[in-house]
Amino acid sequence: MSGKSNAFGTVLATLGGWLMARAWLLPMAYAVWAAVHPAAYVAKFELMAPLTLQNFAKAFAAAPFATYFLNTCILVSGILVMQFGICTLGAFALARAPFRGQGLIFSLVMVQLMVTPDILIVENYRTLSQLGLVNTLTGIGLPYIASAFGIFLLRQTFRSVPKELEDAARMEGASPLQILWRVYVPLAKPVYAAWGLVSVSFHWNNFLWPLIVTSSVNKRPLTVGLQVFASVDQGIDWSIISAATLMSSAPLLIGFLLFQRQFVQSFMRAGIK
Amino acid sequence: MAGAHRQSGSVAGGTAPPAHRLAAPMQNWLMLLPALLFLVVFTIAPTIVTIIDSFWFTPHGAKAATFAGMAQYEALLADPIFWQALRNNLLYAAVTVPVSIILALAMALWTNGRIKGRAFMRLAFFLPTMLPMIGAANIWIYFYTADYGLIDQIGHLFGAGSHNWLGNPHTALGALMVVAIWKEAGFFMVFYLAALQQIPPSLIEAAQLEGANAWQTFWRVTLPLLMPTTLFVGVNALINSFRVVDQVISMTGGGPDNATSLLIFYVYQTAFSFWDTYYGATISTVLLLGLGLLSFLQFALFGRRVHYR
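Residues numbered from 1 in each chain as written. Chains lettered and ligands numbered in written order. Predicted model: local features only at pLDDT ≥ 70, side-chain atom pairs only at ≥ 80, totals over all residues. Heavy atoms only, no water.

## A word on the packing of helix α3 (residues 65-95) of chain A against helix α7 (residues 148-159) of chain A
Residue and element names in this part refer to chain A.
Here's step 1: Their axes nearest at 8 Å, the elements α3 and α7 cross at an angle of 50°. Relative to α7, the element α3 is oriented oblique. Read as a crossing pair, α3 and α7 show a hand that is right-handed. Two secondary-structure elements touch here, α3 through Cys 87, Thr 88, Ala 91, Phe 92, Leu 94 and Ala 95 and α7 through Gly 150, Ile 151, Leu 154, Arg 155, Phe 158 and Arg 159.
Here's step 2: The residue inventory of the contact of α3 with α7, partitioned by class, reads 8 nonpolar, 2 polar and 2 charged. (Axes fitted to C-alpha atoms, helices over the stretch in contact; angles between N-to-C directions. Helix = DSSP H or I, 4+ residues; strand = E, 2+ residues; numbered from the N terminus. Parallel < 35°, antiparallel > 145°, perpendicular 65-115°, else oblique. Left-handed = near helix turned anticlockwise from the far one by under 90°. Contact = heavy atoms within 4.5 Å. Nonpolar A, V, L, I, M, F, W, Y, C, P; charged D, E, K, R; others polar.)

Shown next, in the form of structure tokens:
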């Protein structure tokens, strides 16, 4: 009796799960449909509809997507490299034996976790104009470089490194920087990988700050370019907008499809650690 | 013991090789310097200046800023758009947070079991998370377009009329919420999946031995054990819902008639469309306070667990 109702429940649950998964996939599946078919088939779902790559070509011709791509790549990798360097040093200092002011500094770092950068757009914009960095990729990246999240994550990791390893390296005459580079950083590799994936995903998709900072076409990252493209340049040709949308998200989506497990674990680690 | 050794080694310099010219505290400060510099310039100082600016009037032209005292705050309290943005934001949070959580839990339960094609299902649920909000918005704007859009086209098949979902003040905010839920639920699913995998199977087996059916096991065993995750996800979702802005800019521009204006969007609009930057600072200060309180709550509750900003 209970076995029967259980089996029935399982079938029902499976069915529900499948329906939900399809519903969730639908918007993206639709975008793919619109992007690879001529505009006439935007809302006509015929199995034999002719395939085309014209929409991608048109999007590429209508806006400087190559420049947008390049800008986003430079921005994302620049931020990543700077974050790794600066946060590694900071986290190492905060993870070592206590010194005067360490607690204060650590709470200052934590302030950044509470304050979302998007609230500080007004002041940060003013700072950038004083530095003459408005409408530059450097200007977009600077506020994110001292990542409290990264410092926090690395500090936790560094603190879990057994002291014996450091002591052994010191006995061999290694300087603190050598110890950091040879002992701590290699042991934290998985954390760097996780944080890297999260950082790249975040900055690839980041929008408000780049929107405010950039004023000329050749400095725009993809998100801003896509937004301008969809709202101004293109009117309502949905097949082309879909193509542009997929194109802009493709590197991240493909990366995700290839390294699904790593991505999910990174997001989880980033949230839990 | 090890700590004592560590300190004596660096302070006395006796055991340290000659390469160490600097005392340990000095080294620490040097290593912290770059991070501190950026932190102060782009987070600490702007936070303080924002709060100070909220007590001043925006300078016009060559005229210097004049002291406003509490006047900007009084203006804020009397500003119907601020109240609307706050109401919108609260409603947005009150709907998207619980719905995302419940869906995330359902997704996790589905894809944690031995269901067929669960890898595909997980992928389907998580994929929207990877999409930039601007991209997601583009897809959904088309769905929402009156007559021409997908929702109306399907509606027409069933004899429904024409709806301008994003242009109607009664449906626009709801339309934004749907997109947010679509994009966020799969992200929260990941946390539930991790938590589900931590539950010892023996607890579930024990419940089943006691004669509990699947429903009872879920309510009495699984759900209580997931409580910390629910709290964690809940607070994060709440904070996220007050940080929403991309979606508003790309889908509605706050309209129609401020029906979809949310707090950060209003800051953005005040500062960069109306150029009333000091009033923008006043709204920001209120937001800072609110989000600060939420983060404090978050930190008090979860300590070590942090979230990417």
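## What about the pattern of salt bridges?
Here's step 1: Following the criterion strictly, the structure yields 4 salt bridges over all chains and no others.
Here's step 2: A:Asp167 serves as the salt-bridge partner of A:Arg170, at 3.6 Å between the closest nitrogen and oxygen. Of this pair, A:Arg170 and A:Asp167 both sit in helix α8 (residues 163-171), 3 residues apart, which is roughly one turn of that helix.
Here's step 3: In this structure A:Arg170 comes out as buried when scored by relative accessible area, which is 14%.
Here's step 4: When its relative accessible area of 17% is taken as the criterion, A:Asp167 is described as buried.
Here's step 5: Counted as one network, the salt bridges with shared partners bring together A:Glu123, A:Arg126 and B:Asp53. (Salt bridge = Lys/Arg side-chain N within 4 Å of Asp/Glu carboxyl O. Buried < 20%, exposed > 50% of the residue type's maximum accessible area, 1.4 Å probe, protein only.)

## Brief notes about the environment of B:Thr277
Here's step 1: One can find B:Thr277 in helix α14 (residues 277-302).
Here's step 2: By relative accessible area, which is 17% here, B:Thr277 ends up buried.
Here's step 3: Between the alpha carbons of B:Thr277 and B:Thr58 there is a distance of 6.2 Å; along the sequence they are 219 residues apart.
Here's step 4: Other than its neighbours up to four places away in sequence, B:Thr277 contacts A:Val122, A:Arg126, B:Thr58 and B:Ala271.

## Overview of the domain arrangement of chain B
Residues and elements named next belong to chain B.
Here's step 1: Each assigned domain of chain B is listed here: domain 1 (2-53) and domain 2 (73-302).
Here's step 2: Here domain 1 and domain 2 have C-alpha centroids that lie 40 Å from each other.
Here's step 3: For the domain 1 face of the interface with domain 2, the top three residues by lost area are Thr 50, Ile 51 and Asp 53, together amounting to 89%.
Here's step 4: On inspection of domain 1 and its partner domain 2, the count reaches 0 salt bridges.
Here's step 5: Where domain 1 meets domain 2, there are 0 residue pairs in polar contact (both at pLDDT 80 or more).
Here's step 6: A breakdown of the residues in the side of domain 1 that touches domain 2 according to their chemical character gives 1 nonpolar, 2 polar and 1 charged. (Domains from an automatic or database assignment. Buried area = accessible area lost by both parts, 1.4 Å probe. Polar contact = N/O pair within 3.5 Å; in protein donor to acceptor, adjacent residues only side chain to side chain.)

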